[in-house]
Amino acid sequence: MTTALRVPEELSARVPAEQRGQGLDRDAVRLLVSRGTEVSHHGFAELPGLLRAGDLLIVNTSPTLAAAVDGRIGHARVVVHFSTRGDDGRWAVEVRDPDGRGTTRARAGGPAGTEVRLPGDVRLVLEEPLTERSPRLWWGRASEPGGKVPEPGGPGPEADVLGLLGRHGRPIRYSYTERDQPLSAYQTVFALPSADGAGSAEMPSAARPFTARLVAALVSRGVQFAPVTLHTGVASAEAHEPPYPERFAVPETSARLINAAGAGDGRVVAVGTTAVRAVESATGADGVVRATQGWTDLVVTPERGVRVVDGLLTGLHEPEASHLLMLEAVAGRAAIDRGYDAALRGRYLWHEFGDVHLILPEEDPHTEHCSSNCW
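Each value, and the rule that gives it
- Residues numbered from 1 in each chain as written.
- Predicted model: local features only at pLDDT ≥ 70, side-chain atom pairs only at ≥ 80, totals over all residues.
- Heavy atoms only, no water.
- Pairing = 2+ DSSP bridges.
- Helix = DSSP H or I, 4+ residues; strand = E, 2+ residues; numbered from the N terminus.
- Axes fitted to C-alpha atoms, helices over the stretch in contact; angles between N-to-C directions.
- Phe/Tyr/Trp six-rings, centres within 6.5 Å; stacked < 30°, edge-to-face > 60°.
- Buried < 20%, exposed > 50% of the residue type's maximum accessible area, 1.4 Å probe, protein only.
- Core = buried A, V, L, I, M, F, W, Y, C linked by side-chain atoms within 4.5 Å.
- Contact = heavy atoms within 4.5 Å.
- 1 Å grid on protein atoms, 1.4 Å probe; cavity = no way out; pocket = protein on both sides within 12 Å on 5 of 7 lines; lining within 4 Å.
- Points joined across faces, edges and corners; volume = space filled by probe spheres on them.
- Nonpolar A, V, L, I, M, F, W, Y, C, P; charged D, E, K, R; others polar.
- Polar contact = N/O pair within 3.5 Å; in protein donor to acceptor, adjacent residues only side chain to side chain.
- Salt bridge = Lys/Arg side-chain N within 4 Å of Asp/Glu carboxyl O.

K.L.:
Is there a simple way to explain the sheet that holds strand S15 (residues 311-315) in this structure?
P.N.:
Picture the strands of a sheet paired through backbone hydrogen bonds; they go either parallel or antiparallel. Strand order in the open sheet formed by 9 strands is S2-S1-S16-S15-S13-S3-S11-S12-S14, and the pairing between neighbours is mixed. At either margin of the open sheet sits one strand with a lone partner, and together these are strand S2 (38-43) and strand S14 (292-296). With strand direction ignored, the average angle separating the axes of adjacent strands in the sheet is 20°. Here strand S12 (residues 246-250) runs beside S14; their pairing, made up of 5 bridges, is antiparallel.

Written out as structure tokens, the structure reads:
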């Protein structure tokens, strides 16, 4: 992505689509379509007409958590973003400063031993950075009410933290948004409760414009859906760091659907970068998807490439975001540069409440032609 690309502040989507006018629904966003370096402009409700029978959409079923909680370090007010729950009961967290406008700004992480007091007499003790390369996220261990700190490796504080989020948490919100939104605004139509209560710190936002009506229209057209799960952690809003290890699962039924689509004439289209990360983590060097669950540290780059994904439906990402490397892996640098130039000229809206970008394989010119709104 060219470093000259800058997204004007006024192109940030500040509220959900359905709040921008009377009678609007979630699908009232624009859809930029890239086929190679050919670009066309649509409304998201036109998606069924852009896909065909036999195509397969991979969707992330992770629900969004109310992952932001107010706290104090000494007398200082802070906001804790709960990112990822570890196998040992600890949580990867980011501690941020309130900015006085209802959102937050970055602060230095740590040091080890820092105690954050949270609502309900819960204490969070920061133990060590998540990785050596960045002090932004720290592993922290939550105490039980009354001051008892669970032993490392022993029964974890999962229920306490999830209960804390349910009682006192709110969705993570960044400064480009206009106001707080209910948690329901951050749930996609594909979100399913996890058996253990786990979920995503931030919404798998590429799927947000889907409505039940639109899903029914896609099914009627012969488009299939393959559910996967990847619980997203807290994004690096300022530094645009690569993603950290995240929990994922690709069930057997979905693996079979994806393999069958790949073996036939259907296109495998991932809904969101999280769906790409999940399915590519379950795909062997032979291109076969196998039922898999656990942790993935996969970062999809143009050098690594993709093994099973033919296309991608995704939001518009900042020029510095590591997600753009994944987009280049799917479509190539020229196609992404062309698409983003068109998005800027067309004044598309960015971020989780914004417009979306459908990246499809380049069509054979003898079988399909560009419509009149191509650039």
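And the narrative resumes.
K.L.:
Can you help me understand the packing of aromatic side chains in this one?
P.N.:
Throughout the structure, instances matching the rule amount to 7 aromatic pairs. Between Phe82 and Trp91, the aromatic rings sit 5.7 Å apart at their centres with planes inclined by 85°, giving edge-to-face as the arrangement. Residue class for Phe82 comes out buried when judged on its relative accessible area of 1%. Aromatic pair Tyr186 and Phe353: ring centres 5.4 Å apart, planes at 55°, arrangement tilted. In this pair, Tyr186 sits in the loop between helix H2 (158-168) and helix H3 (212-221) while Phe353 sits in the loop between helix H7 (333-345) and strand S16 (356-360), placing the two residues 167 residues apart along the sequence. For the pair Tyr186 and Phe353, one class covers both residues: buried. Every member of this aromatic cluster is reached through a ring pair, and the members are Phe44, Phe190, Phe210 and Phe225.

K.L.:
Hey, could you run me through the nonpolar core in this one?
P.N.:
Burial of nonpolar side chains together is a common tendency in soluble globular proteins. Within the largest apolar cluster, 41 residues are counted, with the highest numbers of intra-cluster contacts made by Val250, Ile258, Val289 and Trp350. Secondary-structure elements contributing two or more residues to this core are strand S3 (56-60), strand S11 (224-230), S12, helix H4 (252-263), strand S13 (268-271), helix H5 (273-281), helix H6 (323-331) and H7. Sequence-distant contacts of Ile258, that is, excluding residues within four places in its chain, are made with Leu56, Ile58, Ala226, Val268, Val279, Val289 and Val308. Core analysis: the next-biggest nonpolar cluster, separate from the first, contains 27 residues, Leu65, Val79, Val93 and Val122 among them.

K.L.:
Which parts of the structure should I look at to understand empty space enclosed by the protein?
P.N.:
Gaps between atoms show up when a probe of the same size as a water molecule is rolled over them. Summed over all chains, the structure comprises 3 cavities of 30 Å³ or more. Put simply, the largest cavity is a space of about 80 Å³. The dominant element in the lining of the largest cavity, judged by the number of residues it contributes, is strand S5 (residues 76-85), at 3 residues. Of the residues belonging to the lining of the largest cavity, the class tally is 3 nonpolar, 6 polar and 2 charged. Quantified by volume, the second largest cavity comes out at close to 60 Å³.

K.L.:
Please explain unusual backbone geometry as it appears in this structure.
P.N.:
With the exception of glycine, most residues fall at negative phi, and the peptide bonds are largely trans. At the junction of Gly110 and Pro111, the peptide bond is cis and its omega measures out at 0° in the coordinates. Its place among the elements puts Pro111 in the loop between strand S7 (104-105) and strand S8 (115-118). Its identity as a non-glycine residue notwithstanding, Asp121 has a phi of 60°, on the positive side. With respect to the helices and strands, the residue Asp121 is situated in the loop between S8 and strand S9 (122-131). The phi dihedral of Arg347 falls on the positive side, at around 55°, and the residue is not glycine. Relative to the helices and strands, Arg347 resides in the loop between H7 and S16. You can call Arg347 partly exposed: its relative accessible area is 44%.

K.L.:
Quick question: what am I supposed to make of the pairing of S2 here?
P.N.:
With 6 bridges joining them, strand S1 (residues 30-35) and S2 adopt antiparallel strand pairing. Opposite Leu31, over in S2, you have His42 as the bridge partner. Here S1 folds back onto S2 in antiparallel fashion, the turn holding 2 residues, of which Gly36 has a positive phi close to 60°.

K.L.:
Explain the side chain of Thr229 to me, please; I cannot follow it from the model alone.
P.N.:
Along the chain, the position of Thr229 falls in strand S11. Engagement of the side chain of Thr229 in a polar contact is seen with the side chain of Thr61, the distance being 2.8 Å. Ignoring sequence-local partners within four residues, the contact set of Thr229 consists of Asn60, Thr61, Ser62, Arg247, Phe248, Ala249 and Ala278.

K.L.:
Is there a simple way to explain the pattern of salt bridges in this structure?
P.N.:
Oppositely charged side chains can form a pair if their charged atoms are brought close together. Considering all chains together, one arrives at 27 salt bridges under this definition. Between Asp55 and Arg52 there is a salt bridge whose closest N-O contact spans 4.0 Å. The class for Asp55 is buried, based on a relative accessible area of 1%. Glu127 is the partner of Arg141 in a salt bridge, and the nearest nitrogen-oxygen pair spans 3.4 Å. Taken together, the residues Arg141 in strand S10 (residues 134-142) and Glu127 in strand S9 connect sequence positions 14 residues apart. Salt bridges sharing common partners tie together Asp88, Arg90, Glu127, Glu128 and Arg141.

K.L.:
How do you make sense of the environment of Pro8 when you look at a structure like this?
P.N.:
Within the secondary structure layout, Pro8 lies in the segment before S1. Along the backbone, Pro8 and Trp350 are 342 residues apart, and their C-alpha atoms lie at a distance of 9.7 Å.

K.L.:
Looking at this model, I keep getting lost on the side chain of Asp99. Mind explaining?
P.N.:
Relative to the elements of secondary structure, Asp99 occurs in the loop between strand S6 (91-98) and S7. For Asp99, a relative accessible area of 14% puts it in the buried group. Sequence-distant contacts of Asp99, that is, excluding residues within four places in its chain, are made with Thr104 and Arg105.

K.L.:
Honestly, the environment of Leu324 in this entry has me stumped. Any pointers?
P.N.:
As for its placement among the helices and strands, Leu324 is situated in helix H6. For Leu324, a relative accessible area of 3% translates into the label buried. Leu324 sits 24 residues away from Val300 along the chain, and the two C-alpha atoms are 9.6 Å apart.

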